[in-house]
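# A structural walkthrough
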Amino acid sequence: MNARTETAHADLLDAIVEALSVPLPSIADADERIYYRLLERRALAVRIVIATNRTGSRDPRLAADAIRTRTAEDPVTYALFEAEKDGGEW
């Protein structure tokens, strides 16, 4: 594997991590449901892109771009978790 290919594969792995790294939701039930649905949709998108890429072009750059596009189309829309402070400390 040459340096260019290694960079492309590293970029693909970064895109996967970015897609699946979603912030924790607030403790509200609705936010938790939205969080889990988002995580499921993004995981499904990653699986589809990788499976399609393996049977098609096999170009990791195309797969990384596709994953980032799908991730941008499915943004975080729920309220985020906020740790409660106890006496000014965490």
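Our subject is the structure listed above.
The sections below set out a description of the structure shown in this document. These numbers come from a predicted model, not from an experiment.

Reading guide: rules and limits
Residues numbered from 1 in each chain as written. Predicted model: local features only at pLDDT ≥ 70, side-chain atom pairs only at ≥ 80, totals over all residues. Heavy atoms only, no water. Helix = DSSP H or I, 4+ residues; strand = E, 2+ residues; numbered from the N terminus. Buried < 20%, exposed > 50% of the residue type's maximum accessible area, 1.4 Å probe, protein only. Lys, Arg positive; Asp, Glu negative; His and termini not counted. Salt bridge = Lys/Arg side-chain N within 4 Å of Asp/Glu carboxyl O. Contact = heavy atoms within 4.5 Å. Expected span 1.5 Å × (residues − 1). Axes fitted to C-alpha atoms, helices over the stretch in contact; angles between N-to-C directions. Parallel < 35°, antiparallel > 145°, perpendicular 65-115°, else oblique. Left-handed = near helix turned anticlockwise from the far one by under 90°.

### What to know about the environment of Thr5
Mapped onto the fold, Thr5 is located in helix 1 (residues 3-20). For Thr5, a relative accessible area of 27% corresponds to the partly exposed category. With 30 residues separating them in the primary sequence, Thr5 and Tyr35 have C-alpha atoms 34 Å apart.

### A look at the side chain of Arg42
Within the secondary structure, Arg42 is located in helix 2 (residues 29-55). No salt bridge is formed by the buried Arg42; the nearest opposite charge belongs to Asp74, separated by 5.4 Å. Apart from the residues within four sequence positions on either side, Arg42 is in contact with Glu18, Ala19, Leu20, Val22, Thr71, Asp74, Pro75 and Val76.

### What about helix 2?
The terminal C-alpha atoms of helix 2, which comprises 27 residues, lie 39 Å apart, in line with the 39 Å expected from a rise of 1.5 Å per residue. Close packing links the buried residues of helix 2 with helix 1 and helix 3 (60-72).

### Notes on the environment of Ile48
Looking at where Ile48 falls in the secondary structure, it is placed in helix 2. Residues Ile48 and Leu12, spaced 36 residues apart in sequence, show a C-alpha to C-alpha distance of 14 Å.

### Examining the packing of helix 1 against helix 3
Interaxial distance between helix 1 and helix 3 falls to 8 Å at its minimum, and their mutual angle equals 20°. With respect to each other, helix 1 and helix 3 are oriented roughly parallel. The hand of the helix 1/helix 3 crossing is left-handed. Residues Arg4, Ala8, His9, Asp11, Leu12, Asp14, Ala15, Ile16, Glu18 and Ala19 of helix 1 pack against Pro60, Arg61, Ala63, Ala64, Ile67, Arg68 and Thr71 of helix 3.

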